[in-house]
Amino acid sequence: MRKVGLHLRFQTSLVDMIEEAIRLDLDTFQCFLVAQSTHKTISPSKDDIDAFLRIRRERFEDLYAHISYWVNLASLNYNGHRALQRELDTVKKLEMTHIVLHPGSANGATERIEGIDALARSLNDLVKLENEIVILLENTAHGNLTVGSSLQDFYLLRKKLDKPEKVRFCIDTAHAYAYGYNIADLSEQESFIRLLDETVGISNIELFHLNDTKKNCGSRIDRHEMIGDGAIGQEALKNFVLHEKLAHIPLLMELPLVEYADQRAMVQLVRSWHVQ
Ligand SMILES: [Zn+2]
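All of the points below concern the structure found in this document. As the structure is a computational prediction, the values presented were derived from the model and not from experiment. (Residues numbered from 1 in each chain as written. Predicted model: local features only at pLDDT ≥ 70, side-chain atom pairs only at ≥ 80, totals over all residues. Heavy atoms only, no water.)

Remarks on the pattern of salt bridges
Inference 1: Scanning all chains against the criterion turns up 11 salt bridges.
Inference 2: Two residues, Asp27 and Arg271, come together in a salt bridge whose shortest N-O distance is 3.1 Å. One end of the pair, Asp27, is in the loop between helix H1 (14-23) and strand E2 (28-32); the other, Arg271, is in helix H9 (residues 260-273), and 244 residues separate them in sequence.
Inference 3: Taking the shortest distance from any N to any O, the salt bridge between Lys92 and Glu130 comes out at 3.1 Å. (Salt bridge = Lys/Arg side-chain N within 4 Å of Asp/Glu carboxyl O. Helix = DSSP H or I, 4+ residues; strand = E, 2+ residues; numbered from the N terminus.)

As structure tokens, this is what we get:
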């Protein structure tokens, strides 16, 4: 059965968060390792970690940590390397399996390719040190100096990686659409899927961020919306994730801030697409 999950927000404790995942009947979830309220890396107590791990080991397989935005491995200036190390330590303590990393922006450069070079160097170093954690690079919405909005960036990046097979991908439908890939149109969606295969390779995609968006195609503005209420629409998203080449890839929604019942309804909606 295909895995369906949500992005959850760390509020009070790890145990509260994982219990919420169970109440929501999630197969998996993603979270930041930075507290919403303080914007500092979370520092849970040993008791909290132990209690989290008991549930985590029993109920979940893959768990995703979304790395914070102050890590920018494409920057020619400060790239947040130390923040990344801190977060990786927490990822290991919590026995999470994947990190989702935005490729970053080529700060201090005039051309995006310089950022792609910097990112390749950082990833080559990281891959040497990290064997257990799966690194997922996520496509982005903003274009310009931001790496990974154009899928071509990932094609160029992979050529610069020592071990390209070690760097995997998370594709966000809202980001793709905001950047200008019109996946709301079914024939353009088909071309997008072909492009995915030519650039990142479909076999290297390990996660979809299944999101709708408030803004138009090509707006380059990233504002997530409930599935079906946004500009991409339910039918196009359903068609995309059920495409025969993509139907095995886990789905994780990053919803706007909504009530429990609405989160639950979204999970049930997406599960209902998979029942024949
Ligand atoms: Zn995303």
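Considerations on the packing of helix H7 (residues 186-199) against helix H8 (residues 234-241)
In a pair of packed helices, the angle between the axes and the distance between the axes together describe the arrangement.
Inference 1: Contact geometry of H7 with H8 gives a least axis separation of 11 Å together with a crossing angle of 35°. With respect to the hand of their crossing, H7 and H8 are arranged in right-handed fashion. Here Leu186, Gln189, Phe192, Ile193 and Leu196 of H7 come into contact with H8, specifically with Ala236, Asn239 and Phe240. (Axes fitted to C-alpha atoms, helices over the stretch in contact; angles between N-to-C directions. Left-handed = near helix turned anticlockwise from the far one by under 90°. Contact = heavy atoms within 4.5 Å.)

Here we look at unusual backbone geometry
Inference 1: For Asp25, which is not a glycine, the phi torsion comes out positive at approximately 60°.
Inference 2: Among the structural elements, Asp25 can be located in the loop between H1 and E2.
Inference 3: On the basis of relative accessibility, which here comes to 38%, the residue Asp25 falls in the partly exposed class.
Inference 4: At Glu95, a residue that is not glycine, the phi angle is positive and equals roughly 55°.
Inference 5: Along the polypeptide, Glu95 turns up in the loop between helix H3 (81-93) and strand E4 (98-101). (Buried < 20%, exposed > 50% of the residue type's maximum accessible area, 1.4 Å probe, protein only.)

Section: the pairing of E4
Inference 1: Residues His98 and Val100 line one face of E4 and the alternating positions Ile99 and Leu101 line the opposite face, and both faces are buried.
Inference 2: Bridge analysis of strand E3 (residues 64-66) against E4 gives three bridges, and the strand direction is parallel. Paired with His66 across the bridge in E4 is Val100.
Inference 3: Remark: the E3/H3/E4 crossover connection has right-handed handedness.
Inference 4: As paired elements, E4 and strand E5 (residues 134-138) share four bridges and run parallel to each other. (Pairing = 2+ DSSP bridges. Right-handed = clockwise from strand over helix to strand, strands pointing away.)

So, the coordination of the zinc ion
Ideal geometry at a metal gives 109.5 degrees between four tetrahedral donors and either 90 or 180 degrees between six octahedral ones.
Inference 1: Each protein donor to the zinc ion is listed here as Glu138 (OE), Asp172 (OD), His209 (ND1) and Glu254 (OE); together their distances run 2.0 to 2.2 Å.
Inference 2: Around the zinc ion, the four donor atoms sit at angles spanning 86 to 177°, and that spread fits a shape best called irregular.
Inference 3: Here the donor residues for the zinc ion map to a single chain with the spacing E-x33-D-x36-H-x44-E. Taken as a pair, Glu138 in strand E5 and Asp172 in strand E6 (residues 167-172) lie far apart in primary sequence, 34 residues in all. (Donors = N, O, S within 2.8 Å, 3.2 Å for Na, K, Ca; no water. Tetrahedral: all angles 85-135°; square planar, octahedral: opposite > 155°, others 65-115°.)

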